[in-house]
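# Structural description and commentary
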Amino acid sequence: MNVEHVLTTCPYCGTGCYFFLQVVDGRLIGVVPCKTDEISQGRLCIKGYNAHAFVQHPDRLKHPMVKDGRQLRKASWEEALDKIASEIGRIASKHGPDSIAVFASAKCTTEENYLFQKLARAAIGTNNVDHCARLCHASTISGLVLSFGSGAMTNSIQEFEKADCVLVTGSNTLEAHPLIGSRILRAMERGAKIIVIDPRDTPLSRVARFNLHQKPGTDIAWINGMIRTIIREGLLDREFVESRTTQFDALKEAVNGYTPEKVEDITGIPKHELLEAARAYATSEKAMIAYAMGITQHSNGTDLVRALANLVMVTGNIGKEATGLNPLRGQCNVQGACDAGCLPEFYPGYQKIDDPEMVEKFEKAWNKPLSHDIGTTITCTLEKIISGEIKAVIAFGENVMISDPDIAHVEKALRSLEFFAIAEIFPTETSHFADVILPAACYAEKDGTFTNTDRKIRMLRKAVNPPGEAWPDWKIVCELGKRFGATDFEFSSPAEIMKEMASVAPIYGGISHDRSESDVISWPCPSKDHAGTKILHTESFKIGKGIFAPVHHSPPKEQTSDEYPLIMTTGRNMFQFHTGTMTRRSPKLEREAPEPYVEISRVDAKKFGISEGDRVRVTSRRGSITLVARVTERIILGTIFIPFHYSEAAANRLTNPAWDPISQIPELKVCAARIEKA
Amino acid sequence: MISKGKIAIVCRKCEEKAINELAKREILDNDRIIRIGLACSEDQIALCRCNDPVPSSIDLGEAHRGVDADEMALDLIAATSEERLNFWIRQFRKCIKCYACSINCPVCICDECVLEERTFVPEKGIPPGLAFHLIRAFHLADKCIECGECERSCPADIPLLTLRKMTKGDMKDLFGYSAGDAKSISPLLTTLDEQPLEDESHEC
């Protein structure tokens, strides 16, 4: 009997817990926490404990498949890859390389994501490469780059327990990032003030000192209201504002109109609660803000992120330990996928496409002329497919048929594609539309790195072999790159790919697998002798001085009406993860949350004649789904909540694809809906 | 999984007790186990508030005296029952139902876990409610050997070891029984002896 314990990184949220996969004779049998890991400290959530469960599931894709007519049939790797190369080649030569788009994956390693964008840019010749960050923190990147010059979490996970105040908004931290929530609980037990601002009661808000509820889509109003209070009561950090920031006068003028009365009117937050929360945040020595999708997924998401940046800067809560503005990233490697340049506007390391010097740098590095045009985002790609500008997509593991807003529209786009190839670990609602399906290795079957939410490079180590003929994505891309006639796709290991990425992306300059084997390093790490950077913006902001942005409340794109009287918002629960491809095949997780549900307040339920457990139909302007009602005290009046994990009642059939003009993140958090007994 | 041969286990005193509990329940074969005794450090003893840290034979480390009492337990016993209840309700509200307390417990051994049974713990998210923790407290009353793994692996820092120590105190007071002893059988498993109890026979 051969028993192994392989130390690797959890494939679920962006916290990046290390754990051991237990392998007995090539079978994964369990997960053991790692007590020496600085992030998890030997603790895991239920998803972590069950991270082995889906890996060797019988549904795994084992062979390449090619569509003949309407039927998929088994094919050899040779045939499948040749078909992709010839179809993409044909379409690109007829309609130009910008008629092709590549969807990268936040579930793949940083090394693989580096290759995905290199494939698009250097082999196909387009900047049309994007991934699911577009749906989660695109507005964080655009907003924080404008305010601070860097779009990542400013501080580290460990610091949460040292804070005197933690303000959490738009994040259900204990369910979506449990081991970060755990640090916040620790701060709470130490006496820190926890402020949760959310339209729902979350497990964290129920134990927090301050529990404020705003109407969905009204966040700028309460943030500006807080800033106004802080300025008027003299609670601002004058020295910081004067020495480290610019445009303060514009901010002061912008927030002036947000009186507590007006804020209460817009948001529904009682004025004394707002004042108390503002004072608690501003008077704490070390105050941290954590936020997630509740802030970013709005049609003014960039403005919202900038409003939070204003709040942080006005109190000087940045650049020091246990302070800062901390976007919690949802995918195990969404940070790494962004860092690797799987964004249509950035080369690896956030080097701008619209900077001719950068184009030249990468043309030299990759030995190929490159497109100077900023590429198309995922949200916009779907539009361009329908309008006929984009004809073919190569996707690495995106499940847009569950994750993207207005699924009927997504389906229309996928049906209009001339050619669609996907690399996946399981058959998904999206792979159903593919002309070629490639079986990919999952996290437990390959080496590489993930970069977690606080910019730490975490090692991924192979524990078992991939099923059937499945390959790791990096090998798939190398083979595709060669078939597109590109040179420089001759990599024999992920470590070699990281070496190339480190040579072109200065923030990863000092990163290598050798170093990451023994040390946990946070980027920016420009050189081999650099220890990495735990806290950003300590001496100055990346753009010099932090910029205050005078932003104003604007209502969500879709308003309630007589026909659609309720606001619908979406989110996650503890036991399922995103589109459920992995968690719904993990028996212990599925057992805990097996069916789709809609949460509705007691008063609204009575009004619409709905009782606990009823089958109900929820309808928006775009579609209709049927699911079970959960009547609860834990959601504000006039709002309903649906987790988006379930394909049998996909919340995104209803959501609004309206997007933020700057970051093109869709407004997944607010749409108008009605509910009735089914 | 390994059907033959001897198995060497490095064990602290608490783990030695866990092996006894498993052997009594015929889950481990005592004859096949070689114990390598590890004496806990003072830090480890303080962390576990352990009053019985010295293994029956010391192969590694050196013996240190145990700690007499769990201060939190003393405080709770001194408090009113209402205060005690409120304390635990507040603690259990932090629970994220990760099952770490059960997964990492050396004596949590049922094939089918009642915590996964919907009748008692309905699957409606987190926190899972008082029943989850009370079921575990009762299930472990005659088994818990106070290793503290539940508390250390709890992401919510619920003082589970204190709860176990308090239950253990009750077991000792009510039944004169402590878990972990190689020979004595749990009184909870042996309330019916050969003669039916008098009260019950009258009721029939």
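Now for a description of the structure that goes with this document. (Residues numbered from 1 in each chain as written. Chains lettered and ligands numbered in written order. Predicted model: local features only at pLDDT ≥ 70, side-chain atom pairs only at ≥ 80, totals over all residues.)

### Quick word on the sheet that holds strand β12 (residues 287-291) of chain A
Residue and element names in this part refer to chain A. Taking strand neighbours across the sheet as the criterion, the five strands line up as β10-β9-β8-β12-β13 in an open arrangement whose pairing is parallel. Here the strands that pair on one side only, and so sit at the sheet edges, are β10 (210-212) and β13 (325-327). Across the sheet, the axes of successive neighbouring strands diverge by a mean angle of 15°, strand direction being ignored. Here strand β8 (residues 165-169) pairs with strand β9 (residues 193-197) via five bridges, running parallel. Directly across from Cys165, in β9, lies its bridge partner Lys193. Running over the sheet, helix α12 (residues 271-283) touches β8, β9, β10 and β12 and is turned about 130° from β10. (Pairing = 2+ DSSP bridges. Helix = DSSP H or I, 4+ residues; strand = E, 2+ residues; numbered from the N terminus. Axes fitted to C-alpha atoms, helices over the stretch in contact; angles between N-to-C directions. Contact = placed C-beta atoms within 7 Å.)

### Here's the deal with the nonpolar core
Val166, Leu308, Val598 and Val618 of chain A are the most contacted members of the largest nonpolar core, which has 257 residues in total. Tallying contributions element by element places helix α14 (residues 301-314) of chain A first for this core, with nine residues. (Core = buried A, V, L, I, M, F, W, Y, C linked by C-beta atoms within 7 Å. Buried ≥ 20, exposed ≤ 12 C-beta atoms within 10 Å, placed from the backbone.)

### Overview of helix α21 (residues 494-504) of chain A
All names here are of chain A. Where α21 is concerned, the buried positions are Pro494, Ile497, Met498, Met501, Ala502 and Val504. Looking straight down α21, one finds that the buried residues subtend no more than 165° of arc, so they occupy a single side. Check the buried side of α21 and you find it contacts α3 (110-124), α16 (356-366), β19 (448-451), α20 (473-483) and α22 (513-518). (Arc of directions from axis to C-beta.)

### Observations regarding the interface of chain A and chain B
If you look at the interface, chain A gives 24 residues, while chain B gives 20 residues. Within the residue set of the side of chain A that touches chain B, elements represented by two or more residues are α1 (46-49), α6 (173-176), α7 (178-189) and α23 (587-592) of chain A. Here the element with the most residues in the side of chain A that touches chain B is α7 of chain A; it accounts for six residues.

### Structural notes on the pairing of strand β25 (residues 615-620) of chain A
Residue and element names in this part refer to chain A. Burial along β25 is one-sided: the residues Val616, Val618 and Ser620 are buried and none of Arg615, Arg617 and Thr619 is. Strand direction decides the pairing type here: β25 and strand β26 (residues 624-632), joined by five bridges, are antiparallel. In the sheet register, Val616 faces β26, and the bridge partner there is Leu627. Counted between consecutive antiparallel strands, the loop separating β25 from β26 contains three residues. Bridge analysis of β25 against strand β28 (residues 671-677) gives five bridges, and the strand direction is antiparallel. Within β28, the position partnered with Ser620 by the bridge is Ala673.

### Digging into the sheet that holds strand β2 (residues 18-24) of chain A
All names here are of chain A. An order of β1-β2-β3 is seen for the three strands of this open sheet, with the pairing classed as antiparallel. At either end of the open sheet lies a strand with only one pairing partner, and these are β1 (3-9) and β3 (27-33). Strand-to-strand twist in this sheet, taken as the mean axis angle between neighbours without regard to direction, amounts to 30°. Across six bridges, the pairing between β2 and β3 is antiparallel. Bridge pairing in β3 links Leu21 to Val31.

### As for unusual backbone geometry
Residues and elements named next belong to chain A. A cis amide bond, omega 0°, links Trp523 with the succeeding residue Pro524. When you line up the elements, Pro524 lands in the loop between β21 (521-522) and β22 (546-547). Positive phi, close to 55°, is recorded for Ala322, a residue that is not glycine. Locating Ala322 in the fold gives a position in the loop between α14 and β13. On the basis of neighbour counts, which here come to 24 C-beta atoms within 10 Å, the residue Ala322 falls in the buried class. Positive phi is not limited to glycine here, since Asp488 has a value of about 65°.

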